[in-house]
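Here is what each chain is made of, one letter per residue.
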Amino acid sequence: MSNGRIEKIRDILTELDLDALYITHIPNIRYLSGFSGSSAYIIITKEKNYFYTDFRYQSQSHEQVKDYEIAVNFSPAVNIKETMLNEKFSRVGFESTHITIHQLHLLKESLPAIEFVSVPERIEKLTMIKTAEEVSKIKKACEITDKVFDKLLEIIKPGMKESEVSAEISYWHKKYGAEKDSFDPIVASGWRGALPHGMASQKVIEAGELVTLDFGCIYEGFCSDMTRTIAVGKPKSDEMVKIYDVVLHSQILAVDAAKAGIKTRELDSIARKYINDNGYEGKFGHGLGHGLGIEVHEMPSVSQRMDIEIPANVVFTIEPGIYIEGLGGVRIEDDVFTKEGGRDVLNASPKELIII
Ligand SMILES: [Mn+2]
């Protein structure tokens, strides 16, 4: 891949005085090699790029992976060890936020002369900043998700199970050109709306309930992630309509404030303060949003937990919600792309309360 990504890994090698970086996290492997399969490893040295996989991906790796020496083996660990010995590495970085203790133990045991150095979240810092081409892929994923939302407005009826709605989401994502869902769809109706991550269940959707739909897809390796809450028939709870209004306004305030240079904590506070001031303090129990790209949850975390300036060319979600146990919940989520002085909103589905 001659798009500068590998050169940036080589800069990390120089900076940390490493002979090589051993990369095990599959989304990062796809980012660096173009390989879209589920099992592979790579090693980047100052001069060479090595790619390891097994027989299942023999043809696919040769088709997708350019600029790498490819080794295919029933047990890639054998080839990985061979490379590390032949190259006479003395310091090798590894992705400590992804490797298991067991994998690290095996490496250290079989290669006792090598010093293995923890390199947490360095590739993640690279993937956080998007090129125009990457943003256009996320935008395409968002367009597919928008089309699926339109379809759901035709499909969802009282009497349907949440799990049936979830199946429709997955079906239409693929039908409209996505690789797959970027995560299992969340479909939470009525009282289940109070579960922020209410996976679609066997519950039947009833007339008068609000339904929270949180879903996204992957297009050419890049994710979308959108939430809309809709009413199935006239809402039976006036309180839920009021909650919808509060969430919508808090979401719009945060979207309008989003721009390159704003701090994550400040942006979270803008939505949170509005929700608190309107009587729902403590009912918005998660962060405002998260980065989005080759993974559905990336850096930065846009919340009180993290306080960094959001750079330009970052895609992240803005998704405030209010959750009342026993009653229900509302969440509204858009994906935005930061620019100097502003942001582009990448999805286009309407946000006012839709009653179907
Ligand atoms: Mn999200």
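Residues numbered from 1 in each chain as written. Predicted model: local features only at pLDDT ≥ 70, side-chain atom pairs only at ≥ 80, totals over all residues. Heavy atoms only, no water.

### Here's the deal with the coordination of the manganese ion
Phase 1 of the analysis: Around the manganese ion, the protein contributes the donor atoms D225 (OD), H290 (NE2), E319 (OE) and E333 (OE), at 2.1 to 2.4 Å from the metal centre.
Phase 2 of the analysis: Counting the intervening residues between successive donors of the manganese ion yields the motif D-x64-H-x28-E-x13-E. Of the two residues, D225 is situated in the loop between β11 (222–223) and β12 (226–232) and E319 in the loop between β15 (315–318) and β16 (321–324); the sequence distance between them amounts to 94 residues. E319 matches D225 in its accessibility class, with the two residues each being buried. (Donors = N, O, S within 2.8 Å, 3.2 Å for Na, K, Ca; no water. Helix = DSSP H or I, 4+ residues; strand = E, 2+ residues; numbered from the N terminus. Buried < 20%, exposed > 50% of the residue type's maximum accessible area, 1.4 Å probe, protein only.)

### Overview of the sheet that holds β11
Phase 1 of the analysis: Strand order in the open sheet formed by three strands is β7-β10-β11, and the pairing between neighbours is antiparallel. Two strands in the sheet have a free side with no partner beyond their single neighbour: β7 (180–181) and β11.
Phase 2 of the analysis: As paired strands, β7 and strand β10 (residues 217–219) are joined by two bridges and run antiparallel to one another. When the sheet's bridge partners are listed, K180 is paired in β10 with I218. (Pairing = 2+ DSSP bridges.)

### As for the layout of surface pockets
Phase 1 of the analysis: Each pocket or cavity is described by its volume, and for the largest pocket that value is around 410 Å³.
Phase 2 of the analysis: Forming the boundary of the largest pocket are 20 residues, of which N3, R5, Y31, E134 and F222 lie nearest the centre.
Phase 3 of the analysis: Among the elements of the structure, α1 (5–16), α2 (26–33), α6 (122–128) and α7 (132–155) are those that each provide at least two residues to the lining of the largest pocket.
Phase 4 of the analysis: No other element matches α7, which puts three residues into the lining of the largest pocket. (1 Å grid on protein atoms, 1.4 Å probe; cavity = no way out; pocket = protein on both sides within 12 Å on 5 of 7 lines; lining within 4 Å. Points joined across faces, edges and corners; volume = space filled by probe spheres on them.)

### Thoughts on the pairing of β12
Every regular strand shows the same layout, with side chains that alternate between the two sheet faces.
Phase 1 of the analysis: When you tally the buried positions in β12, you get seven out of seven residues, the bulk of the element.
Phase 2 of the analysis: Along β12, one buried face is formed by M226, R228, I230 and V232 and the opposite face, lined by T227, T229 and A231, is buried too.
Phase 3 of the analysis: Where strand β9 (residues 209–215) meets β12, seven bridges bridge the pair, whose relative direction is antiparallel. Directly across from L210, in β12, lies its bridge partner A231.

### Focus on the sheet that holds strand β2 (residues 41–45)
Phase 1 of the analysis: Read across the sheet, six strands follow the order β4-β3-β2-β1-β5-β6 without closing on themselves; strand pairing throughout is mixed. Taken across any chain shown, the strands that pair with only one partner, and hence form the sheet edges, are β4 (69–72) and β6 (115–118). Adjacent strand axes in the sheet meet at a mean angle of 20 degrees when their direction is disregarded.
Phase 2 of the analysis: Sheet analysis places strand β1 (residues 20–23) next to β2, joined by four bridges and oriented antiparallel. Note that in β2 the partner of I23 across the bridge is I42.
Phase 3 of the analysis: Packed onto the sheet, helix α4 (residues 76–86) meets β1, β2, β3 (49–53), β4, β5 (91–94) and β6 and runs at close to 160 degrees relative to β3. (Axes fitted to C-alpha atoms, helices over the stretch in contact; angles between N-to-C directions. Contact = heavy atoms within 4.5 Å.)

### A look at the environment of H286
Phase 1 of the analysis: Turning to its location among the elements, H286 is positioned in the loop between α10 (264–280) and β13 (289–291).
Phase 2 of the analysis: By relative accessible area, H286 is classed as partly exposed at 22%.
Phase 3 of the analysis: The sequence separation of H286 and S303 amounts to 17 residues, and the corresponding C-alpha distance is 7.9 Å.
Phase 4 of the analysis: Not counting chain neighbours up to four residues away, the residues in contact with H286 comprise P196, R272, E319, G321, Y323 and R331.

### A look at the environment of I23
Phase 1 of the analysis: Along the chain, I23 turns up in strand β1.
Phase 2 of the analysis: Between the alpha carbons of I23 and I156 there is a distance of 43 Å; along the sequence they are 133 residues apart.
Phase 3 of the analysis: Apart from the residues lying within four places of it in its own chain, the contact partners of I23 are N28, I29, L32, Y41, I42, I44, E95 and I123.

### Quick word on the nonpolar core
Phase 1 of the analysis: Within the largest apolar cluster, 34 residues are counted, with the highest numbers of intra-cluster contacts made by I9, I23, L32, I42, F51 and Y68.
Phase 2 of the analysis: Elements represented by at least two residues in this core include exactly α1, β1, α2, β2, α6, α7 and β11.
Phase 3 of the analysis: Sorting elements by how many residues they give to this core places α1 first, with four residues.
Phase 4 of the analysis: Each of domain 1 (5–127) and domain 2 (129–345) accounts for three or more of the residues forming this core.
Phase 5 of the analysis: Ranked by size, the runner-up nonpolar core spans 30 residues in total, among them L210, Y244, V314 and V336. (Core = buried A, V, L, I, M, F, W, Y, C linked by side-chain atoms within 4.5 Å. Domains from an automatic or database assignment.)

### Quick notes on the pattern of salt bridges
Phase 1 of the analysis: Overall, the coordinates contain 19 salt bridges when judged by the stated rule.
Phase 2 of the analysis: Note that R228 is salt-bridged to D334, the shortest N-O span being 2.9 Å. A residue pair is termed long-range when its members are at least 10 positions apart, and R228 in strand β12 and D334 in strand β18 (residues 334–339) qualify at 106 residues.
Phase 3 of the analysis: Residue classification places R228 among the buried residues on the basis of a relative accessible area of 1%.
Phase 4 of the analysis: Put simply, D277 and K273 hold a salt bridge, and the shortest N to O gap is 2.7 Å. With a gap of four residues between them, D277 and K273 both fall in helix α10, about one helical turn apart. Across this residue pair, the class does not change: D277 and K273 are exposed.
Phase 5 of the analysis: Sharing partners across several salt bridges, the network here consists of E133, K137 and E220. (Salt bridge = Lys/Arg side-chain N within 4 Å of Asp/Glu carboxyl O.)

### Digging into helix α8 (residues 162–175)
Phase 1 of the analysis: For α8, which comprises 14 residues, the first-to-last C-alpha distance of 20 Å matches the rise-based estimate of 20 Å (1.5 Å per residue) to within 8%.
Phase 2 of the analysis: Buried within α8 we find E162, V165, S166, I169, W172 and H173. The arc that holds every buried residue of α8, seen down its axis, measures 135 degrees, which confines them to one face. Among the exposed residues of α8, those oriented more than 90 degrees off its buried face are K174 and K175.
Phase 3 of the analysis: The secondary structure elements touched by the buried residues of α8 are α7, β7, β8 (186–189), β9 and β10.
Phase 4 of the analysis: A positive phi of about 110 degrees marks G177, the residue just after α8. (Expected span 1.5 Å × (residues − 1). Arc of directions from axis to C-beta.)

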